[in-house]
Amino acid sequence: MNFNTKVIHGGQHHESATGSVNVPVFLTSTFAQKSPGVHSGYEYSRAANPTRQALEDSLASIENGARGLAFGSGLAAIDCVLKLLNPGDEVVAVDDLYGGTYRMFTRLFEKYQLKFTFVNFDDASKIADVITDKTKLIWIETPTNPLMKLVDIKAVVEIAKGKNILVAVDNTFATPYLQRPIDLGADIVMHSATKYLGGHSDVIAGALVAKDAELGDQLHFIQFASGGILGPHDSYLVLRGIKTLALRVQRHSENGMAVAKYLESHPAVDKVIYPGLESHPQYELAKAQMKDFGGMVSFTFKSGKKEDAVKFLEKVRVFTLAESLGGVESLANHPALMTHASIPAEKRAELGITDDLVRLSVGIEDAEDLIADLEKAFS
């Protein structure tokens, strides 16, 4: 199947008892057995639930993986990946990370004797320089949050080849409509399904997709043993969101480009960070690795003042000042004060997450209305 067909039909089956076209929401914790240990494939909903299974099969289909898993949040999915590791193992991660991921790495898992090394992945050779015989995982975000840096997935996979190192990619910003990391050689794909997969700002969810069945089984055991599953109603909401993923992300990308070009021409704006602009230092990589460029745009002010960013954010009306991203509605965010506040100030300054940086999640409204709203906010 092609992608637009996969989001609707990939891994999906009509419900066997009634022929229901849509998967029912199976609100049950347990399942009747014909004899002790003899069942229809479902025993207890922490292990498997038909609604969650339908979502997980869809996830595997759209990411071209062997097995999908649905979690109660994106962080629960990341937690599951880290539990593949053992004390003393090392992780090499991109330095420009979502704040919650950085917090989990440094404040939770370091105390369990995992070592994290954060590297600028602009130059793949820098990754090779920090890999040791204890390195077991390379963690990638591409594009990164919030600085929209890109990582050459193929180049990282090539560096990890033959070293018994897993390559995991947070594909939240790009979605499988724009970028499919498993096709580029990655072992694991992670999503905050709260964002574009769900797409309507009405659910908290996470997802993993494993490249092969054996790794998928290992991750499922951790999910089952740790309990970080997604409930059936939330599974239904994400599955419903996936059905319109291609249409939505296409519109997000169109509007993202329009907003980025507007910002690039505005006299109050210093720098616009969007992979689809030729001014982006990795524009050529974006064209090669992604189908389009998405709806996430970041920018800074020529004044460099936090006050100007705050004033701007207080004045938006079509955009909503809020955390999160990837919903149909446009959202605006101040990373230093909101999503990335858990990263120490000196680390933010080192990365370039300045106090005048604004991150926009450009929705699917009319682009003219979005630009008019931004223009009023600048005034």
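Residues numbered from 1 in each chain as written. Predicted model: local features only at pLDDT ≥ 70, side-chain atom pairs only at ≥ 80, totals over all residues. Heavy atoms only, no water.

## Focus on the sheet that holds strand β11 (residues 331-333)
Now for step 1: The strand order across the open sheet built from 5 strands is β8-β9-β12-β11-β10, with neighbouring strands paired in mixed fashion. Pairing within the sheet leaves two strands with one partner each, and these edge strands are β8 (269-273) and β10 (320-321).
Now for step 2: Examined bridge by bridge, β10 and β11 share 2 bridges and lie parallel to one another. Bridge assignment links Thr320 to a residue of β11, and that residue is Leu331. (Pairing = 2+ DSSP bridges. Helix = DSSP H or I, 4+ residues; strand = E, 2+ residues; numbered from the N terminus.)

## Remarks on the packing of helix α2 (residues 50-62) against helix α9 (residues 232-242)
Now for step 1: Packing of α2 against α9 leaves a shortest axis separation of 8 Å and a crossing angle of 35°. The hand of the α2/α9 crossing is left-handed. In contact with Thr51, Arg52, Ala54, Leu55, Ser58, Leu59 and Ile62 of α2, α9 contributes Pro232, Ser235, Tyr236, Val238, Leu239 and Ile242. (Axes fitted to C-alpha atoms, helices over the stretch in contact; angles between N-to-C directions. Left-handed = near helix turned anticlockwise from the far one by under 90°. Contact = heavy atoms within 4.5 Å.)

## Side note on the sheet that holds strand β7 (residues 206-210)
Now for step 1: Read across the sheet, 7 strands follow the order β1-β7-β6-β5-β4-β2-β3 without closing on themselves; strand pairing throughout is mixed. The outermost strands of the open sheet, each flanked by one partner alone, are β1 (67-71) and β3 (115-119). Here the strands of the sheet are splayed against their neighbours by 20° on average, with no regard to which way each runs.
Now for step 2: Judged from the 3 bridges that link them, strand β5 (residues 166-170) and strand β6 (residues 188-191) form a sheet pairing that is parallel. Note that in β6 the partner of Asp170 across the bridge is Met190.
Now for step 3: Sitting on the sheet, helix α6 (residues 153-160) touches β4 (135-141) and β5, and the angle it makes with β5 is about 160°.
Now for step 4: The strands that helix α8 (residues 213-226) touches are β1, β5, β6 and β7; relative to β1, the one it contacts most, it runs at about 20°.

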